[in-house]
Amino acid sequence: MMSQLPPLAALRAFEAVARLGSVVKAAESLNVTHSAISHQLRTIEDFLGVSLFLREGKRLQLTEEGRIYALRIRGAMADLQDATQRVLTRPKPNDITIGIVPSFALNWLVPRLPDFKAQYPQYTIWLRAGLGFEEMNNGLLDMAIRMGAGGWDGMKQIHLMDEQLLVVAAPSYQPRPTSANALKTATIIQNPAIPWATWCQAAGLADWRPTPTYSYNDSNLELEAARLGHGVMLARSSLVESHFANGTLIPITDIRVPYQYPYWLVWPDRSSTSQKIADFTRWMINQANDYLKK
């Protein structure tokens, strides 16, 4: 029952003193006076009927009851903060909160979002970088753009587009390879999640596997290294389109091979009748089709 709980201010004061070991530090942390902290400590001890601290002059030391209570209060306060944050960040009627692969967001989706806003000014787009589905299951995401084989349980899903792999480098990278075979002596930037085997087979280099000089497990880091002229990389085509347009990256050969995982637009079954999901889905499909026609 709520009547069996001490005041929240007293709990916050107690937790701060227990954590920081000082009334002075707790007062500074909570931006209140020392006397206010002392008053809250007396309030919570009177409420519980036990001593939570041993007092030796101005020094405070937790009793065993105080130590156990502090641990439990700290966990409860963390749960309250998490619950509050979840409510505050839950999508609102005209918000569209989208979970997205960070590299695809930065290099493909973000440059196109002004077009969506021009067509649908009533919506506000919120992007959450990530790869999983937990936030969608918890109601914190309206939709997600994911890469994979598809077939996720409890999800509506639309195949958005397939992906290709090609070798790219900055115009400043020297000596620039002029053929696939010349890549054997190039500086290689590699992402372990992007295997070269299929591309090497298509390029007539079936027996060659590159030895990376640089290895990054994030495509944005890999792209930045390539942009700075550190070497050549095997890139997903959607991530380098804008770099080709502004001249920061160029293709080394015309050889492209399919990437094993396409992009999907997914959302929970329970949201299948949502107008904002229908609007964003329609726009995304049109954007993907326009991109694939280039």
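Parameters at a glance
Residues numbered from 1 in each chain as written. Predicted model: local features only at pLDDT ≥ 70, side-chain atom pairs only at ≥ 80, totals over all residues. Heavy atoms only, no water. Helix = DSSP H or I, 4+ residues; strand = E, 2+ residues; numbered from the N terminus. Rg over C-alpha atoms; globule rule 2.2 N^0.38 Å. Buried < 20%, exposed > 50% of the residue type's maximum accessible area, 1.4 Å probe, protein only. Contact = heavy atoms within 4.5 Å. Areas by Shrake-Rupley, 256 points an atom, 1.4 Å probe, with all protein chains shown as cover. Pairing = 2+ DSSP bridges. Axes fitted to C-alpha atoms, helices over the stretch in contact; angles between N-to-C directions. Salt bridge = Lys/Arg side-chain N within 4 Å of Asp/Glu carboxyl O. Polar contact = N/O pair within 3.5 Å; in protein donor to acceptor, adjacent residues only side chain to side chain. Parallel < 35°, antiparallel > 145°, perpendicular 65-115°, else oblique. Nonpolar A, V, L, I, M, F, W, Y, C, P; charged D, E, K, R; others polar. Core = buried A, V, L, I, M, F, W, Y, C linked by side-chain atoms within 4.5 Å.

**Q** Would you explain the overall build of the protein chain in this entry?
**A** Assigned secondary structure in the protein chain consists of 11 helices and 13 strands. Taking 19 Å as the expected radius of gyration for a compact globule of 294 residues, we find that the protein chain reaches 28 Å, considerably beyond that expectation. In terms of overall dimensions, the protein chain has C-alpha extents of about 80 × 50 × 35 Å along its principal axes. The burial tally for the protein chain puts 41% of its 294 residues in the buried class. If you take every contact in the protein chain between residues at least 6 apart in sequence, the share linking residues at least 24 apart comes to 74%. Within the structure as shown, the protein chain displays about 16000 Å² of accessible surface, and the carbon and sulfur contribution to it stands at 53%.

**Q** Help me understand the sheet that holds strand E6 (residues 155–161), please; the structure alone is not making it clear to me.
**A** Strand order in the open sheet made by the 5 strands is E4-E3-E5-E13-E6, with mixed pairing throughout. Both outer strands of the open sheet, strand E4 (124–129) and E6, are each paired with one neighbouring strand and no more. The average undirected angle you get between the axes of adjacent strands in this sheet is 25°. Pairing geometry for strand E3 (residues 95–100) and E4, over 6 bridges, is parallel. Bridging across to E4, Asp95 finds its partner in Thr124.

**Q** Explanation requested: the pattern of salt bridges in the structure shown.
**A** Side-chain pairing between opposite charges can occur once the charged atoms of the two side chains come close. Throughout the structure, instances matching the rule amount to 9 salt bridges. Its salt-bridge partner being Glu64, residue Arg67 comes within 2.7 Å of it at the nearest N-O pair. Linking Arg67 with Glu64, this pair stays in helix H4 (residues 64–89), spanning 3 residues, or about one helical turn.

**Q** Looking at this structure, I do not really get the side chain of Asp142. What am I missing?
**A** For Asp142, the position within the fold is in the loop between helix H7 (134–137) and strand E5 (143–147). The exposure class assigned to Asp142 is buried, which follows from its relative accessible area of 11%. A polar contact is formed between the side chain of Asp142 and the side chain of Lys276, at a distance of 3.4 Å.

**Q** Whenever I open this one, the packing of helix H1 (residues 8–20) against helix H3 (residues 34–48) confuses me. Can you help?
**A** Packed helices, taken two at a time, are described by the angle between their axes plus the distance between the axes. Packing of H1 against H3 brings their axes to within 8 Å, and their N-to-C directions diverge by 105°. In terms of their interaxial angle, H1 and H3 are classed as roughly perpendicular. Across the interface between the two elements, Ala9, Ala10, Leu11, Ala13, Phe14 and Val17 of H1 pack against Ile37, Gln40, Leu41, Thr43 and Ile44 of H3. Class assignment of the residues belonging to the contact of H1 with H3 gives a composition of 9 nonpolar, 2 polar and no charged.

**Q** Would you mind showing me how to read the nonpolar core here?
**A** Across soluble globular proteins, nonpolar side chains show a tendency to be buried alongside one another. With 37 residues, the main nonpolar core has Phe104, Leu109, Ile145, Phe280, Trp283 and Met284 as its most contacted residues. Broken down by element, this core gets its largest block of residues, 6 residues, from helix H11 (residues 275–293). The residues contacting Ile145, other than those within four sequence positions of it, are Ile98, Gly99, Ile100, Val101, Phe104, Leu109, Leu160, Tyr263, Trp264, Leu265 and Met284. In this structure, Tyr173, Leu183, Ile188 and Leu205 belong to the second largest nonpolar core, which totals 20 residues.

**Q** Please clarify how the side chain of Arg236 should be interpreted in this entry.
**A** Turning to its location among the elements, Arg236 is positioned in strand E10 (residues 232–236). Classification of Arg236 by relative accessible area gives buried; the value is 6%. Filtering out sequence-adjacent residues up to four positions away, Arg236 remains in contact with Val101, Ser103, Met147, Glu163, Gln164, Leu165, Leu166, Ile194, Ser219, Tyr259 and Tyr263.

**Q** Sorry if this is basic, but what is going on with unusual backbone geometry here?
**A** Residues apart from glycine generally show negative phi values, whereas peptide bonds are mostly found in trans. A cis geometry characterises the amide bond from Gln174 onward to Pro175, with omega recorded as -5°. Here the phi dihedral of Asn31 falls at roughly 60°; this positive angle occurs in a residue that is not glycine. Considering the arrangement of structural elements, one finds Asn31 in the loop between helix H2 (23–30) and H3. On the basis of relative accessible area, Asn31 is assigned to the exposed category, the value being 70%.

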